[in-house]
Amino acid sequence: MKSHQLKLYNTLSRKKENFQAINPPFVGLYVCGPTVYGDAHLGHARPAVTFDTVNRYLTHLGYRVRYVRNITDVGHLQGDADEGEDKIAKKAKLEQLEPMEIAQQYTDSYHRDMALLNTWKPNIEPRATGHIPEQIALVEAILKEGLAYEVNGSVYFDTLKYNEKTPYGRLSGRVIDELMSGSRDLDGQSEKRNPVDFALWKNAAFEHLMKWDSPWGVGFPGWHLECTAMSSKYLGNNFDIHGGGMDLMFPHHECEIAQGNACNHKDPVNYWMHNNMITINGQKMGKSLGNFITLQELFNGDHDLLEQAYSPMTIRYFMLTAHYRSTLDFSNDALKAAQKGYKKLINGLRIAKMLEYQASDVAVDKKQIEQIESSITNAYRAMDDDFNTAQAIGHLFNLLKKINSMYTGQLESAALGEETFHKLINTFLTFVEEILGLVEEKSDSQNKMINLLLKLYTEAKMARDYDKVDEIRAGLKDLGFVVKDMKDKIDWAYEE
Ligand code: ZN
């Protein structure tokens, strides 16, 4: 394992802490996955990219990460509340399909979009409907502890009673008295003893589509309970990292902490990590605001707010240029700038793969070596400081300058010495492809075709057929490539 001291910001303690795995080199990482009732949108992409990068960097450091990300296919009700229609069942009725057809369709499209964003698959991807017995067992355990009660076939968590021994609200910083006075039972019909209580199991009405037998009658599990059941099954009752979007902090994650403590008398998670939200032109994203953009719309440019299509790697790069705890604002200008930055980095990647060390009698340049060493150290330092990808990318661009100088002949590889040369190339490639997950977007035949055109270009140039030369150059430019006429070679690059 690499000797890095990784620091990460723990939402629970509200400070950066030195990361210490419970059982190194193993790390348990649980991330709340999507509720599969619609196409994945920007709000799905940010946690996926954030925790993919966490997974990648931990893996790079030598940890063996067990990454568990669930699929919520039951129990997530409208408004994230305890009353209301199941989001998947509602969509199923609308489209006249089985709820499981809806869940399958949107699980598949989620997987397609996550693959395009080059995120690693989770090691385990449990579905809530596949873990009903585990959820029933959890409800029984909480009842046995005296921290839940049954009413008319539903079981609720007794938050006030739990709070007598273990404070509720530590993660989100909410105080139970304020929660009590701030929430009203609007219709006076609630079965709950207190408005801060939440459902562990809900009795299902006759027309309810997804329901199972339980000791309390036919019903379905509460949304918060699902994540406790699945995380504890695959990662244990106390595991390393739990991640998700900030919008899940309350009540979802707060309830997970309460459920875990109620059953096992200990905190379920050591480090809570939350990515911040995305805004669009400075506004919160929402269906009613007309600025709700799915990933497919973004990739195809198929939305009124979009001036063009933005590729999956442009989106990934854009997300990495901000720290995951900062808000990130989407606009056409910001995305175009990201597209430029991504192409710059990928042009560097192509060059770095082509460059070879060439021994010569040129003197070793100590200053150059120092600059490279310090950029490498700083790139790691940025990642060690709560996964600061934004800063790491800045240091990568410093390395890229050196790579470009060697490409144009301003800097000889021999001036770096063989060791530094290889360290520079390897670090750059490792960071871009392996840690940040940014790869060249191309079809297999793309490079072959460009090289063929460059051959024709060179021939036309030698034959002094300048019309042909201009035609090829303009044609490639239309496709997003620039021809580079250099002293001793002809090459191409992505237009930045
Ligand atoms: Zn969850």
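Our subject is the structure that appears above.
Residues numbered from 1 in each chain as written. Predicted model: local features only at pLDDT ≥ 70, side-chain atom pairs only at ≥ 80, totals over all residues. Heavy atoms only, no water.

A complete count under the given rule lists 21 salt bridges for this structure. A salt bridge links Glu307 to Lys336; the nearest nitrogen and oxygen atoms lie 2.5 Å apart. Taken together, the residues span a long stretch of sequence, with Glu307 in the loop between helix 9 (295–300) and helix 10 (312–320) and Lys336 in helix 11 (residues 332–354) at a distance of 29 residues. Each member of the salt-bridge network shares a partner with another, and the members are Asp52, Arg56 and Arg316. (Salt bridge = Lys/Arg side-chain N within 4 Å of Asp/Glu carboxyl O. Helix = DSSP H or I, 4+ residues; strand = E, 2+ residues; numbered from the N terminus.)

The sheet built from 4 strands is open, its strands ordered 4-3-9-10 with parallel pairing. Looking along the sheet, the strands with just one partner apiece sit at the ends: strand 4 (64–69) and strand 10 (269–275). This sheet shows a mean twist of 20° between the axes of neighbouring strands, independent of strand direction. Direction of pairing for strand 3 (residues 26–31) relative to strand 9 (residues 239–245): parallel, over a ladder of 3 bridges. When the sheet's bridge partners are listed, Val31 is paired in strand 9 with Gly243. Of the strands in this sheet, strand 3, strand 4 and strand 9 are in contact with helix 7 (residues 223–235), which crosses strand 3 at around 165°. (Pairing = 2+ DSSP bridges. Axes fitted to C-alpha atoms, helices over the stretch in contact; angles between N-to-C directions. Contact = heavy atoms within 4.5 Å.)

Here the focus is the layout of surface pockets. Here the largest pocket defines a volume of roughly 1300 Å³. Considering the residues around the largest pocket, the lining is formed by 42 residues, among which Tyr37, His41, His44, Lys87 and Asp247 are closest to the centre. At the level of elements, helix 1 (42–60), strand 4, helix 2 (87–95), helix 3 (99–116), helix 7 and strand 9 are the ones that each hand at least two residues to the lining of the largest pocket. By residue number, the principal contributor to the lining of the largest pocket is helix 1, which donates 5 residues. For the lining of the largest pocket, the per-class residue count stands at 17 nonpolar, 15 polar and 10 charged. Taken domain by domain, the lining of the largest pocket gets at least three of its residues from each of domain 1 (7–275) and domain 2 (280–435). (1 Å grid on protein atoms, 1.4 Å probe; cavity = no way out; pocket = protein on both sides within 12 Å on 5 of 7 lines; lining within 4 Å. Points joined across faces, edges and corners; volume = space filled by probe spheres on them. Nonpolar A, V, L, I, M, F, W, Y, C, P; charged D, E, K, R; others polar. Domains from an automatic or database assignment.)

With that settled, consider the sheet that holds strand 8 (residues 219–221). The strands making up a sheet associate through hydrogen bonds between their backbones, and the pairing can be parallel or antiparallel. Strand order in the open sheet formed by 4 strands is 5-6-7-8, and the pairing between neighbours is antiparallel. Pairing within the sheet leaves two strands with one partner each, and these edge strands are strand 5 (148–151) and strand 8. Here the strands of the sheet are splayed against their neighbours by 20° on average, with no regard to which way each runs. Along the sheet, helix 4 (residues 132–144) contacts strand 5, strand 6 (154–157), strand 7 (198–203) and strand 8; its crossing angle with strand 7, the most-contacted strand, is approximately 120°.

Our next topic: the packing of aromatic side chains. Given two aromatic rings, one states the distance between the centres and the angle between the planes to describe the pair. For the structure shown, the criterion picks out 14 aromatic pairs. With a centroid separation of 5.2 Å and an interplanar angle of 50°, the aromatic rings of Phe19 and Tyr271 are classed as tilted. Of this pair, Phe19 sits in the loop between strand 2 (15–18) and strand 3 while Tyr271 sits in strand 10, and the two are 252 residues apart along the sequence. Overall, the relative accessible area of 3% leaves Phe19 in the buried class. Looking at Tyr271, the relative accessible area reads 6%, which means it is buried. Their ring planes at 85° and their centres at 6.2 Å tell us that Tyr57 and Phe387 sit as a pair that is edge-to-face. (Phe/Tyr/Trp six-rings, centres within 6.5 Å; stacked < 30°, edge-to-face > 60°. Buried < 20%, exposed > 50% of the residue type's maximum accessible area, 1.4 Å probe, protein only.)

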